[in-house]
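Next come the chains, spelled out residue by residue.
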Amino acid sequence: MTLQQEIVGNAMQMAVVSLQPGQTVYCEAGKFLFKTTNVTMETCLGGPSGGGGRQSQPGGGGPGGMGGLLRQAMGTAMQAGQRALAGESLAFQYFTTQGGEGTVGFAGVLPGEMRALELDGTRAWFAEKDAFVAAESTVDFGIAFQGGRTGRSGGEGFVLEKFTGRGTVIIAGAGNFIDLNPADFGGRVEVDTGCVVAFEEGIQYGVQRVGGLNRQGVMIAVFGGEGLSLATLEGNGRVILQSLTIESLANALRKAQGGDKQGPTGGLFSTNAQ
């Protein structure tokens with residue numbers, strides 16, 4: 001059953017979801033806006049994983065007696081620990097309609113767009129941390145860690161949200177979205193690390209140093225406003241970028257409050273008053 005949803009608004013969009021009997025949608029804590037009275041809400045530590053079911057339900061039992069309960073508890077603890085390590089919310093909120101169609105509203109936390117992605121079970125989607133808003137219970141939520149050099153250099157790209165299974169997942173970003181395919185641009189694009197919102201499985205995500213250890217490389221790093229690294233996206237698949245980064249928004253707010261001492265450099269040597 002396809003999730004019926006509508007993205008409304010302009011500068012700060014929200015998703016209005018119409019739940020049919022038997023449908024359940026879940027969101028990250030803090031993304032819920034409103035619901036009709038016939039929609040029940042539960043908060044659980046565990047999220048959908050391995051088949052789209054809740055790993056932890058309040059007051060619920062599980063198959064396999066004490067051993068099954070212990071395995072379920074350990075799985076929930078590992079998932080919660082992984083999310084805590086990634087800086088994500090520990091809990092999910094689940095919404096199910098009772099006795100007819102129900103309505104639930106969700107939104108992101110920054111001014112910008114939202115997008116509903118349809119998963120058919122063949123390709124996973126990866127998204128930046130905090131991009132997730134809500135999804136059908138048939139969509140599995142996971143955390144993907146980018147290790148090695150990419151993880152250490154990638155800033156926001158170190159931790160990615162991973163969505164698998166079948167169904168609708170709703171994501172949000174800052175500013176406006178642009179969709180592209182690296183295959184249309186010679187197979188590779190380079191972007192600010194904070195501009196990546198989401199991409200399909202099959203896209204290779206990496207981080208490269210801006211310029212070399214020479215005069216031009218130093219000029220780019222110090223005065224270019226991009227720091228030392230750029231994100232690279234290679235392959236054939238959908239990529240979603242955002243026009244506003246969290247870092248640029250924070251800098252603009254600090255500047256408006258008189259606390260930005262960035263000056264003319266805009267790069268490595270910017271300082272922020274506390």
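The structure under discussion appears in the preceding block.
Bear in mind that the values here come from a model prediction, so they are computed numbers and not experimental data.

A. Structural detail: the overall build of the protein chain. Summing up its helical and strand segments, the protein chain has four helices and 18 strands in all. Across the 274 residues that make up the protein chain, the buried fraction comes to 45%. Counted over contacts in the protein chain with a minimum sequence separation of 6, partners at least 24 positions apart contribute 77%. Split by element, the accessible area of the protein chain, about 13400 Å² in all, is 54% carbon and sulfur.

B. Main features of the packing of aromatic side chains. By the definition in use, this model includes twelve aromatic pairs. With a centroid separation of 5.7 Å and 5 degrees between ring planes, the pair formed by phenylalanine 199 and tyrosine 205 is classed as stacked. The exposure class of phenylalanine 199 is buried, given its relative accessible area of 2%. Given the relative accessible area of 11%, tyrosine 205 is considered buried. An aromatic cluster is built from Tyr26, Phe92, Tyr94, Phe132, Phe141 and Phe163, whose rings are joined through pairwise contacts.

C. Expanded view of the sheet that holds strand 1 (residues 4-8). Strand order in the open sheet made by the four strands is 1-2-7-4, with antiparallel pairing throughout. Of all strands in the sheet, those bounded by a partner on one side alone are strand 1 and strand 4 (32-35). Between one strand and the next, the sheet's axes are offset by a mean angle of 20 degrees, whatever the strand orientation. In the sheet, strand 4 pairs with strand 7 (residues 102-107) via three bridges, with the strands oriented antiparallel. Note that in strand 7 the partner of phenylalanine 32 across the bridge is phenylalanine 106.

D. View of the environment of isoleucine 203. Assignment of secondary structure puts isoleucine 203 in the loop between strand 15 (196-200) and strand 16 (204-209). Residues in contact with isoleucine 203, not counting those within four places in the same chain, are Pro182, Leu233, Glu234, Gly235, Asn236, Gly237, Arg238 and Val239.

E. Spotlight on the sheet that holds strand 14 (residues 188-191). Across the sheet, three strands lie side by side as 14-17-16; this open sheet has antiparallel pairing. At either end of the open sheet lies a strand with only one pairing partner, and these are strand 14 and strand 16. Here the average twist between neighbouring strands, direction ignored, is 30 degrees. Across six bridges, the pairing between strand 16 and strand 17 (residues 229-234) is antiparallel. Its bridge partner lying in strand 17, glutamine 204 is registered against glutamate 234.

F. Representation of the pattern of salt bridges within the structure. This structure, assessed with the given rule, holds six salt bridges. Notably, a salt bridge pairs lysine 31 with glutamate 28, separated by 3.3 Å at the nearest N-O pair. In terms of burial, lysine 31 and glutamate 28 fall into one category: buried. Aspartate 179 serves as the salt-bridge partner of arginine 115, at 2.8 Å between the closest nitrogen and oxygen. With a gap of 64 residues between them, arginine 115 in strand 8 (residues 114-120) and aspartate 179 in strand 13 (residues 177-180) connect regions that are remote in the sequence. Aspartate 179 gets classed as partly exposed once you look at its relative accessible area, which sits at 40%. Beyond isolated ion pairs, a larger network of salt bridges with shared partners links Arg115, Asp179 and Arg238.

Rules of the game
Residues numbered from 1 in each chain as written. Predicted model: local features only at pLDDT ≥ 70, side-chain atom pairs only at ≥ 80, totals over all residues. Heavy atoms only, no water. Helix = DSSP H or I, 4+ residues; strand = E, 2+ residues; numbered from the N terminus. Buried < 20%, exposed > 50% of the residue type's maximum accessible area, 1.4 Å probe, protein only. Contact = heavy atoms within 4.5 Å. Areas by Shrake-Rupley, 256 points an atom, 1.4 Å probe, with all protein chains shown as cover. Phe/Tyr/Trp six-rings, centres within 6.5 Å; stacked < 30°, edge-to-face > 60°. Pairing = 2+ DSSP bridges. Axes fitted to C-alpha atoms, helices over the stretch in contact; angles between N-to-C directions. Salt bridge = Lys/Arg side-chain N within 4 Å of Asp/Glu carboxyl O.

The analysis is restricted to geometry; functional conclusions fall outside its scope.
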